[in-house]
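# Topology and contacts: notes
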Amino acid sequence: RTGLAGERALGQQGLAVVRIRRARPGDALVIARMANALNRHEGLHPNRFTPAIVRRDAFGPRRAFRVLVAEAERGPVVGYAAFVPGYNTDIAARDMWMLDLFVQPAWRSRGVGRALVTAVAREAVRRGLPSLEWGVRSSNTRALRFYRRR
């Protein structure tokens, strides 16, 4: 699906044209790099998430998680969202848990994150899941602002 990502607000560089798609094994390197950048940003151990781990756990016979990527109009992957089905005891129902949401710095504030979250929510609906959950570290003030605007 290709389209304008998000809504324009004052001060933004403009809307990005991105295509949200399911990740492929060939995306493993860029997904690992972005995940490690997110880990560094959050003060966690960078470089533990390797392309081999992505290929094994996102595309192998016993998939541990799924990934959607945001691909810019001219090809590069500029963001990703990783998610897993889960269970919410509060509502006594299966749900979707978004593990990671990351957008390359040059592509932030252009609607790419919103497009990825929307795509994960649509996947939850497609699977008949009534809710989508995620967590944000209290130290990640930019992410907190992003989710509060939504």
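Residues numbered from 1 in each chain as written. Predicted model: local features only at pLDDT ≥ 70, side-chain atom pairs only at ≥ 80, totals over all residues. Heavy atoms only, no water.

### What to know about the overall build of the protein
Test applied: Only DSSP runs of H or I covering at least 4 residues are called helices, and only runs of E covering at least 2 are called strands; the numbering of each starts at the N terminus. Relative accessible area decides the class of each residue, using a 1.4 Å probe on protein chains only: under 20% of the type maximum gives buried, over 50% gives exposed, and in between gives partly exposed. The contact rule is simple, with two residues in contact once any of their heavy atoms fall within 4.5 Å. Here the open area of atoms and residues is found with the Shrake-Rupley method and a 1.4 Å probe, where only the protein chains shown may cover a residue.
From N to C terminus, the protein includes 4 helices and 6 strands. Walking the protein from its N terminus toward its C terminus, one meets helices and strands in the order β-β-α-α-β-β-β-α-β-α. Within the span of the protein, comprising 150 residues, buried residues form 42% of the whole. Nonlocal contacts in the protein, meaning residues at least 24 apart in sequence, comprise 54% of its contacts between residues at least 6 apart. When the accessible surface of the protein is split by element, carbon and sulfur atoms take 50% of a total near 8,900 Å².

### With respect to the confidence of the model for the protein
Cut-off, in case you're wondering: One number per residue, pLDDT, summarises how confident the predictor is, and it ranges from 0 to 100.
Per-residue confidence for the protein averages 86 on the pLDDT scale, and 83% of its residues sit at or above 70. Here strand β1 (residues 2–5) stands out as the least confident element of the protein, with mean pLDDT 43; helix α2 (residues 51–59) is the most confident, with 97.

### Considerations on helix α1 (residues 28–41)
Heads up, the rule is: Multiply 1.5 Å by the residue count of a helix minus one, and that product is the helix's expected span.
Its 14 residues give α1 an end-to-end C-alpha distance of 20 Å, which sits within 8% of 20 Å, the value for a rise of 1.5 Å per residue. All buried positions along α1 are accounted for by Ala 28, Ile 31, Ala 32, Met 34, Ala 35, Asn 36, Leu 38 and Asn 39. Residues of α1 that are buried make contact with α2, β3 (66–72), β4 (77–88) and β5 (93–103). Just downstream of α1 lies Gly 43, where phi reads positive at about 75 degrees.

### Concerning the side chain of Asn 36
As a reminder of what qualifies: We define a polar contact as two N or O atoms separated by no more than 3.5 Å, with the added condition that, inside protein, one atom must be a possible hydrogen donor and the other a possible acceptor, whereas residues neighbouring each other in sequence contribute only through side-chain atom pairs.
With respect to the element layout, Asn 36 can be found in helix α1. Judged by its relative accessible area of 5%, Asn 36 falls in the buried class. Side-chain polar atoms of Asn 36 contact the backbone nitrogen of Arg 48, separated by 3.4 Å.

### So, the nonpolar core
Put simply, the rule reads: In this text, buried Ala, Val, Leu, Ile, Met, Phe, Trp, Tyr and Cys residues form a nonpolar core when linked through side-chain atoms within 4.5 Å.
In this structure, Val 18, Ile 20, Val 112, Leu 116 and Val 120 are the most contacted members of the largest nonpolar core, which totals 22 residues. Listed by contribution, the elements that provide at least two residues to this core are β2 (16–22), β3, β4, β5 and α3 (112–126). Counting residues per element, this core draws most heavily on α3, at 7 residues. What Val 120 contacts, discounting residues up to four positions off in sequence, is Leu 68, Ala 81, Phe 83, Met 96, Met 98 and Leu 132. Within the second largest apolar cluster, 18 residues are counted, among which are Ala 23, Ala 35, Phe 65 and Val 77.

### Points about the packing of α1 against α2
Angle between the axes and distance between the axes are the two parameters that describe a pair of packed helices. So the rule is basically this: Between the N-to-C directions of two axes lies an angle of 0 to 180 degrees, each axis being a line fitted to C-alpha atoms and, for a helix, fitted only over the stretch in contact. What sets the label is the angle itself: under 35 degrees gives roughly parallel, over 145 gives roughly antiparallel, 65 to 115 gives roughly perpendicular, and the rest give oblique. Residues are grouped as follows: nonpolar covers Ala, Val, Leu, Ile, Met, Phe, Trp, Tyr, Cys and Pro; charged covers Asp, Glu, Lys and Arg; every other residue, Gly included, is treated as polar.
Between α1 and α2, whose axes approach to 8 Å, the crossing angle comes to 110 degrees. Of the possible angle classes, the one that applies to α1 and α2 is roughly perpendicular. Together, Ala 28, Leu 29, Ile 31 and Ala 32 of α1 and Pro 51, Val 54 and Arg 55 of α2 make up the contact between the two elements. The class makeup of the residues in the contact of α1 with α2 is 6 nonpolar, no polar and 1 charged.

### So, the pairing of β4
The side chains of a regular strand alternate, residue by residue, between the two faces of the sheet. Heads up, the rule is: Only strands joined by at least two bridges in the DSSP assignment are considered to pair.
In terms of burial, β4 is largely enclosed, as 9 of its 12 residues are buried. Bridge analysis of β3 against β4 gives 6 bridges, and the strand direction is antiparallel. Among the inter-strand pairings, Val 69 is bridged to a residue of β4, identified as Tyr 80. Where β3 hands over to β4, the hairpin turn is made up of 4 residues, of which Gly 75 adopts a positive phi near 115 degrees.

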